[in-house]
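The chain contents come next:
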Amino acid sequence: MSATVIVGAQWGDEGKGKVIDLLSEKADMIVRYQGGNNAGHTVMIGNEQFIFHLIPSGIIRNKECILGSGVVIDPRSLIEEIHLLRSKGVSITQRNLFVSRDAHIVMPYHKLFEQLSEERKSSRIGTTRKGIGPAYVDKMARVGIKMGDLINGKILKEKLKERLKDVNSLLTRIYGKRGFKLDEILKEYMRYSRFFSDYVSDTSSIINAAIAKGKFVLFEGAQGTMLDVDFGTYPYVTSSHTIAGGACIGTGVGPTKIGKVIGVAKAYTTRVGDGPFPTELSVTKQEAIRMKGKEYGATTGRPRRCGWFDAVAVRYAARINGFDSLAITKLDVLDDLPMIKICTGYLYKNRIIRDFPTGTDEVRALKPVYEELKGWRQDITDIKNYRSLPINAKKYLKRISLLVNTRISIVSVGPRRSQTINVANSVATSATRRSGGRSDE
Ligand code: GDP
Ligand code: IMO
Ligand code: MG
């Protein structure tokens, strides 16, 4: 199988962890290419829940797992994750975990800067406060520290000493705070230096060699398209390239080596943190979906904002990422609803628009245009094949497929592995083909 990128089609938390776990069964290698421990990817094995923040979910199946150069790594958080997973019986060694020497590290001052900047802002982003944004700022400003520097104590000391000059002057003069002490950070980070010395390597070489040998490599996206730093609802985004193109940038693999892109979308929409969200339901109406879908952040525990499926946003994601197919998750969460809405366009300045505008003011000003479909009011969590789904559930999926102009290859009806419907040759697929690949709006 060709190298495949799995990418979130909405504002994150689409169920990427579950889909990656399913596909990992046949994969040889799973690679994270961006983001950091702001991500929370959940995998349910029986009744046991695993939440991955940095380590690719494929580690559960003892596959080769890679943290690419585009990831930012909080070493303390990564060590905690390794220990937690080991305590649950997952084997993690230098033979199945490889960390890019070029991945930048999150330092204590990144977390502090993020907190201070969020507190000062009149309109917060509502970040996860893991120091991700400031770590990427340092990377772009060319003052960051990489994993390769971390494992070389001498370089770590030199770079940190230099960086702390600016960091401490900002903290004391602008923010009126105490500065960081070189020795204190060094003491802590030298422990991480020893821990990671056996894990850090040239991961671009490892991934390219695997692809050259015909191995099946999966790229695990974090966050979602609408949180991409360029194509999301800026500035209410994360600081990395979450889209499929980010898989090349964040790993050192050329675009010609990528074979397939699968978008993951929930059957409705959620967003955690601040920023525009056109199909968001009123506070009271969100509650039913939040309760049934257990919509609370896997990283921060914050309640996720909930709304109807936004076909305009997901069609935009299909364009930006070039989806080959869609995995639709959490269809079961809509089981009890008598009526379900899909957003097919937006009303903006007395006109209907069908393309997602990324300007925050525009997105805030538009009104979604909905189409209503009848619900199926039936428990679908035990259904194993597409044919057995209630007719109204199939109509809903077909409508999504047509509006997004992408075939649906996977439907998820519960958090467990077994609660998955493979729809490789489904009616939804042929419906998309019949329309000539067009949306029928
Ligand atoms: P990710 O960040 O995209 O990996 O998604 P999260 O793990 O943050 O959030 C998805 C949540 O939905 C997790 O709690 C999953 O266990 C759960 N989940 C995934 N697929 C389904 C599904 O089809 N139905 C239900 N009810 N839950 C699901
Ligand atoms: P996964 O991979 C949902 C959101 C934050 C905030 C914005 C910026 O589990 O889908 P950051 O800390 O990244 O600077 O915060 O992005 N955010 C996510 N929302 N799922 C995620 O990851 C997210 N990672 C960051 O809530 O709005
Ligand atoms: Mg998540």
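Residues numbered from 1 in each chain as written. Chains lettered and ligands numbered in written order. Predicted model: local features only at pLDDT ≥ 70, side-chain atom pairs only at ≥ 80, totals over all residues. Heavy atoms only, no water.

Secondary structure summary: the protein chain contains 14 helices and 20 strands in total. Relative to the globule expectation of 22 Å for 441 residues, the C-alpha radius of gyration of the protein chain, 22 Å, shows essentially globular dimensions. Seen through its principal axes, the protein chain has C-alpha atoms that stretch 65 × 50 × 40 Å. Burial statistics for the protein chain: of 441 residues in total, 56% are counted as buried. Taking contacts inside the protein chain between residues at least 6 apart in sequence as the whole, the part at least 24 apart equals 75%. Of the roughly 18,600 Å² that the protein chain leaves accessible, carbon and sulfur atoms contribute 50%. If you average the places of the 69 positive and of the 45 negative side-chain charges in the protein chain, the two averages end up 1 Å apart. (Helix = DSSP H or I, 4+ residues; strand = E, 2+ residues; numbered from the N terminus. Rg over C-alpha atoms; globule rule 2.2 N^0.38 Å. Buried < 20%, exposed > 50% of the residue type's maximum accessible area, 1.4 Å probe, protein only. Contact = heavy atoms within 4.5 Å. Areas by Shrake-Rupley, 256 points an atom, 1.4 Å probe, with all protein chains shown as cover. Lys, Arg positive; Asp, Glu negative; His and termini not counted. Charge placed at Lys NZ, Arg CZ, Asp CG, Glu CD.)

This part takes up the nonpolar core. Core analysis: the biggest nonpolar cluster contains 58 residues, and Phe 219 and Tyr 396 have the highest contact counts within it. The element that contributes the greatest number of residues to this core is helix 13 (residues 391-404), accounting for six residues. If sequence neighbours within four positions are ignored, Phe 219 has contacts with Ala 3, Thr 4, Val 5, Ile 6, Val 31, Tyr 33, Ile 207, Ile 211, Ala 247, Thr 251, Val 253 and Ile 258. Within the second largest apolar cluster, 51 residues are counted, among which are Ile 20, Leu 150, Phe 196 and Ile 262. (Core = buried A, V, L, I, M, F, W, Y, C linked by side-chain atoms within 4.5 Å.)

The protein atoms that coordinate the magnesium ion (ligand 3) are Asp 13 (OD) and Gly 40 (O), at distances of 2.1 to 2.2 Å. Placement of the pair is Asp 13 in the loop between strand 1 (3-8) and helix 1 (16-24) and Gly 40 in the loop between strand 2 (29-32) and strand 3 (41-45), with a sequence separation of 27 residues. The exposure class assigned to Asp 13 is partly exposed, which follows from its relative accessible area of 22%. (Donors = N, O, S within 2.8 Å, 3.2 Å for Na, K, Ca; no water.)

Here the second largest pocket is characterised by a volume of approximately 720 Å³. Lining the second largest pocket are 30 residues; nearest its centre among them are Thr 42, Gly 293, Lys 294, Lys 330 and Pro 415. When residues of the lining of the second largest pocket are traced back to their parent elements, those giving at least two are helix 1, strand 3, strand 4 (48-52) and helix 10 (283-293). Taken together, the residues that form the lining of the second largest pocket break down as eight nonpolar, twelve polar and ten charged. (1 Å grid on protein atoms, 1.4 Å probe; cavity = no way out; pocket = protein on both sides within 12 Å on 5 of 7 lines; lining within 4 Å. Points joined across faces, edges and corners; volume = space filled by probe spheres on them. Nonpolar A, V, L, I, M, F, W, Y, C, P; charged D, E, K, R; others polar.)

What follows concerns the site of ligand 1. Around ligand 1 sit 18 residues, and of these Lys 16, Gly 17, Thr 42, Asp 332 and Ser 412 come closest. Measuring from an oxygen atom of ligand 1, one finds a backbone N or O atom of Gly 15 at 2.8 Å. A distance of 2.8 Å is found between a nitrogen atom of ligand 1 and a side-chain nitrogen or oxygen belonging to Asp 332. Protein chains bury 92% of the 580 Å² of accessible surface belonging to ligand 1 in isolation. Applying the majority rule of atoms within 2 Å of the grid points places ligand 1 in the second largest pocket. Contributions of two or more residues to the shell around ligand 1 are made by helix 1 and strand 3. Broken down by element, the shell around ligand 1 gets its largest block of residues, three residues, from helix 1. Partitioned by chemical class, the residues of the shell around ligand 1 number four nonpolar, seven polar and seven charged. (Near = heavy atom within 4 Å. Polar contact = N/O pair within 3.5 Å; in protein donor to acceptor, adjacent residues only side chain to side chain. Sits in = over half its atoms within 2 Å of the grid points.)

In this structure's numbering, the residues bearing the UniProt feature "active site" (unreviewed entry) are Asp 13, His 41 and Lys 139. These annotated residues cover 127 residues of sequence, and their C-alpha atoms sit far apart, with the largest distance between any two at 25.7 Å. Lining the second largest pocket, from this annotated set, are Asp 13 and His 41. Its relative accessible area of 4% is what places His 41 among the buried residues. Residue contacts for His 41: discarding those within four places in its chain leaves Lys 16, Gly 17, Phe 50, Ile 51, Phe 52, Ser 57, Glu 220, Gly 221 and Ala 222. Mapped onto the secondary structure, Lys 139 falls in helix 4 (residues 132-140). Overall, the relative accessible area of 23% leaves Lys 139 in the partly exposed class. (UniProt positions renumbered as here; feature names shortened; annotations may be inferred.)

Our next topic: the UniProt feature "binding site: substrate" (unreviewed entry) in the protein chain. Following the UniProt record, the feature "binding site: substrate" (unreviewed entry) maps to Ala 298, Thr 299, Thr 300, Gly 301, Arg 302, Pro 303 and Arg 304 here. Checked against the lining of the second largest pocket, the annotated residues reduce to Ala 298 and Arg 304. Mapped onto the elements of the fold, Thr 299 is located in the loop between helix 10 and strand 13 (305-307). Here Thr 299 falls in the partly exposed class, since its relative accessible area comes to 21%. Setting aside residues up to four positions removed in sequence, Thr 299 forms contacts with Asn 37, Asn 38, Ala 39, Gly 40, His 53 and Lys 130.

Here we come to the sheet that holds strand 20 (residues 420-422). One open sheet holds the ten strands; their spatial order is 9-7-5-2-10-1-11-15-19-20, and the pairing between them is mixed. In this open sheet, the two strands that pair with only one neighbour each are strand 9 (200-201) and strand 20. Bridge analysis of strand 11 (residues 258-266) against strand 15 (residues 325-329) gives five bridges, and the strand direction is parallel. If you follow Gly 263 over to strand 15, its bridge partner there is Leu 326. (Pairing = 2+ DSSP bridges.)

Not every one of the 20 residues close to ligand 2 is listed here, only the nearest: Lys 16, His 41, Thr 128, Gln 223 and Thr 238. For ligand 2, an oxygen atom lies 2.5 Å from a polar atom in the side chain of Thr 128. Contact distances for ligand 2 include 3.0 Å between an oxygen atom and a backbone N or O atom of Val 272. Considered on its own, ligand 2 offers 550 Å² of accessible surface; in the complex 98% of this is hidden by protein. For the shell around ligand 2, the per-class residue count stands at seven nonpolar, ten polar and three charged.

When you line up the elements, Ser 69 lands in the loop between strand 5 (64-67) and strand 6 (72-73). The exposure class assigned to Ser 69 is buried, which follows from its relative accessible area of 16%. Setting aside chain neighbours within four positions, we find Ser 69 in contact with Ser 100, Asp 102, Ala 103, His 104, Lys 139, Ile 249, Gly 250 and Thr 251.

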